[in-house]
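Below, each chain spelled out in residue letters.
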Amino acid sequence: MIKLSDLQIKEIISVDDGRRLGHLMDLEIDVNTGKIVAIVLELKDKKGGFFGKPDELIIHWQQIVRIGSDVILVKDTLQPQLYGDTYVSN
């Protein structure tokens, strides 16, 4: 088992283009199943969104390729989904 604090220190990297996306800020959890649906991270290259709040990126659990000792590798992040965008599950 891994703790949230352990996940938060890992850098999130896109396997699509090698970009360093940032660090995990929060988790989205399905309250009915207790499973993690997505991770939320603050975009590394964005400093101010609405009211100066940094943009948050949603990475769905299916996009995670591997959780390593230092990094979390994710795929399909070329068109990022910002927090607040609607998500339709398959």
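See the structure printed just above.
For clarity, every value in this text was computed on a predicted model and none was experimentally measured.

Per the secondary structure count, the protein includes 1 helix and 7 strands. Start at the N end of the protein and walk to the C end: the helices and strands fall as α-β-β-β-β-β-β-β. Counting all 90 residues of the protein, 29% fall into the buried class. Pairs at least 24 apart in sequence give 37% of the contacts found in the protein among residues at least 6 apart.

What follows covers the pairing of strand β6 (residues 71-74). Here β6 shows a buried face lined by I72 and V74 and an unburied face lined by V71 and L73. Alignment of strand β1 (residues 11-14) against β6, held across 4 bridges, turns out to be parallel. Paired with I13 across the two strands is L73, which belongs to β6. Examined bridge by bridge, strand β5 (residues 64-67) and β6 share 3 bridges and lie antiparallel to one another.

Time to look at the environment of I67. Topologically, I67 is positioned in strand β5. For I67, a relative accessible area of 34% translates into the label partly exposed. Taking the C-alpha atoms as reference points, I67 and I12, separated by 55 residues in sequence, lie 9.1 Å from one another. Those residues in contact with I67 that lie beyond four places of it in its chain are L7, K10, W61 and I72.

Attention shifts here to the environment of H60. With respect to the helices and strands, H60 occurs in strand β4 (residues 56-60). Along the chain, H60 and D76 lie 16 residues apart, while their C-alpha atoms are 9.9 Å from each other.

Turning to the nonpolar core, a few remarks are in order. Counting 12 residues, the largest nonpolar core is built from L7, I12, L21, L24, L27, I39, L41, L57, I59, I64, I72 and V74. Mapped onto this core, the elements with two or more residues apiece are β2 (20-29), β3 (36-42), β4 and β6. With 3 residues, β2 is the largest single contributor of residues to this core.

This part takes up a nonpolar patch on the surface. A surface patch of nonpolar side chains, about 250 Å² in accessible area, is lined by I2, W61 and I67. Here I2 is to be found in the segment before α1 (4-8). You can call I2 partly exposed: its relative accessible area is 43%.

So, how was this worked out
- The residue numbering used here restarts from 1 in each chain and proceeds along that chain's sequence as written.
- Local features in this predicted model are restricted to residues of pLDDT 70 or higher, and side-chain atom pairs are both shown and tallied only at a pLDDT of 80 or more, whereas totals for entire chains, interfaces and linings draw on every residue.
- As a rule here, side-chain values come from all non-hydrogen atoms in the structure, and water together with hydrogens is ignored.
- Only runs of H or I of at least four residues qualify as helices and only runs of E of at least two qualify as strands under DSSP, and these elements are numbered from the N terminus.
- Using a 1.4 Å probe on the protein chains alone, a residue whose accessible area is under 20% of its type maximum counts as buried, one over 50% counts as exposed, and one in between counts as partly exposed.
- Contacts between residues were defined by any pair of non-hydrogen atoms, one from each residue, lying within 4.5 Å.
- A strand pair is defined by DSSP finding two or more bridges across the two strands.
- The set of buried Ala, Val, Leu, Ile, Met, Phe, Trp, Tyr and Cys residues whose side-chain atoms join them within 4.5 Å is what this entry labels a nonpolar core.
- Patch rule: a residue counts if its relative accessible area is over 30% and it has no salt bridge; like charges are joined within 9 Å, and nonpolar side chains (Val, Leu, Ile, Met, Phe, Trp, Tyr) within 5 Å.
- A 1.4 Å probe and the Shrake-Rupley method give the accessible areas. Residues count as covered only by the protein chains that appear here.
- Just to be clear on terms, a salt bridge is a Lys or Arg side-chain nitrogen sitting within 4 Å of an Asp or Glu carboxyl oxygen.

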